[in-house]
Amino acid sequence: MLNDKIQLELIKQLNRESESSQLYLSMAYCVEKKGFEGICEFLYDHSNEERKHMLKLIRYLNKRGGDITLNNIFLKKITYGCLKELFQILFEHEKKISNKINFLVELSLEKKDYFTYNFLQWYVKEQIEEESLIKRILDKIQLIGEDKGGLYLFDKDMKNFHKNKKL
Ligand code: FEO
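About the criteria used
- Residues numbered from 1 in each chain as written.
- Predicted model: local features only at pLDDT ≥ 70, side-chain atom pairs only at ≥ 80, totals over all residues.
- Heavy atoms only, no water.
- Helix = DSSP H or I, 4+ residues; strand = E, 2+ residues; numbered from the N terminus.
- Contact = heavy atoms within 4.5 Å.
- Lys, Arg positive; Asp, Glu negative; His and termini not counted.
- Charge placed at Lys NZ, Arg CZ, Asp CG, Glu CD.
- Core = buried A, V, L, I, M, F, W, Y, C linked by side-chain atoms within 4.5 Å.
- Buried < 20%, exposed > 50% of the residue type's maximum accessible area, 1.4 Å probe, protein only.

(A) Summary view of the overall build of the chain. For the chain, the count of helices and strands is 5 helices and 0 strands. Ordered by position from N to C terminus, the α and β elements of the chain give α-α-α-α-α. The C-alpha extent of the chain, read off along each of the three principal axes, is 55 × 25 × 25 Å. Once local pairs closer than 6 in sequence are excluded, the contacts in the chain between residues at least 24 apart make up 79%. Here the chain contributes 29 positive and 26 negative side-chain charges, whose respective centroids are spaced 1 Å apart.

(B) Summary view of the environment of Ile144. Residue position: Ile144 is located in helix H4 (residues 114–144). Remark: the alpha-carbon pair of Ile144 and Glu92, spanning 52 residues in sequence, is separated by 20 Å. Ignoring any residue separated from it by four or fewer positions in sequence, one finds Ile144 in contact with Gly150, Leu151 and Phe154.

(C) Broad picture of the nonpolar core. With 28 residues, the main nonpolar core has Val31, Ile39, Phe42, Leu43, Phe87 and Leu90 as its most contacted residues. Listed by contribution, the elements that provide at least two residues to this core are helix H1 (4–33), helix H2 (37–63), helix H3 (83–110), H4 and helix H5 (148–164). With near-sequence residues (within four places) excluded, Val31 lies in contact with Phe36, Ile39, Cys40, Leu43, Tyr80, Leu83 and Leu86. Of all hydrophobic cores here, the second largest spans 18 residues; its members include Met54, Leu57, Leu61 and Leu107.

Following this line, the structure appears as structure tokens:
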């Protein structure tokens, strides 16, 4: 049986993963309308990844006899000035998620819940990859700056990234 505090914090985390999925989805919708075919594929894909993170938590909680409530699903209103700002928002968001995962790991150790501690190791590894991926994209966008040709090629690269999962 799960400790009440751990259950509550895992439910908060699965809601954050759901929010992450909505954030990526909203951004994908937004940039697709602006004609960025590659970047929107990446963002749509990543929205699905975040949904998988949410499902993993739901299934773990069910396995441990948890009781879950989910936030409503809706598209967020996205306002951003440029792609650099958009990926900066995503980078800050991923750093926030990493902090929450670290908090959960600490809590599981404090409560001596080694099953949850072990379960969370997947998220620790995943967050290292997510932060580094979004940072690499942000660095590239910063290098490109206002260069429209560079942005066009970058969007094409992102289309390939979507197919090869390599950047
Ligand atoms: Fe599931 Fe990007 O954090």
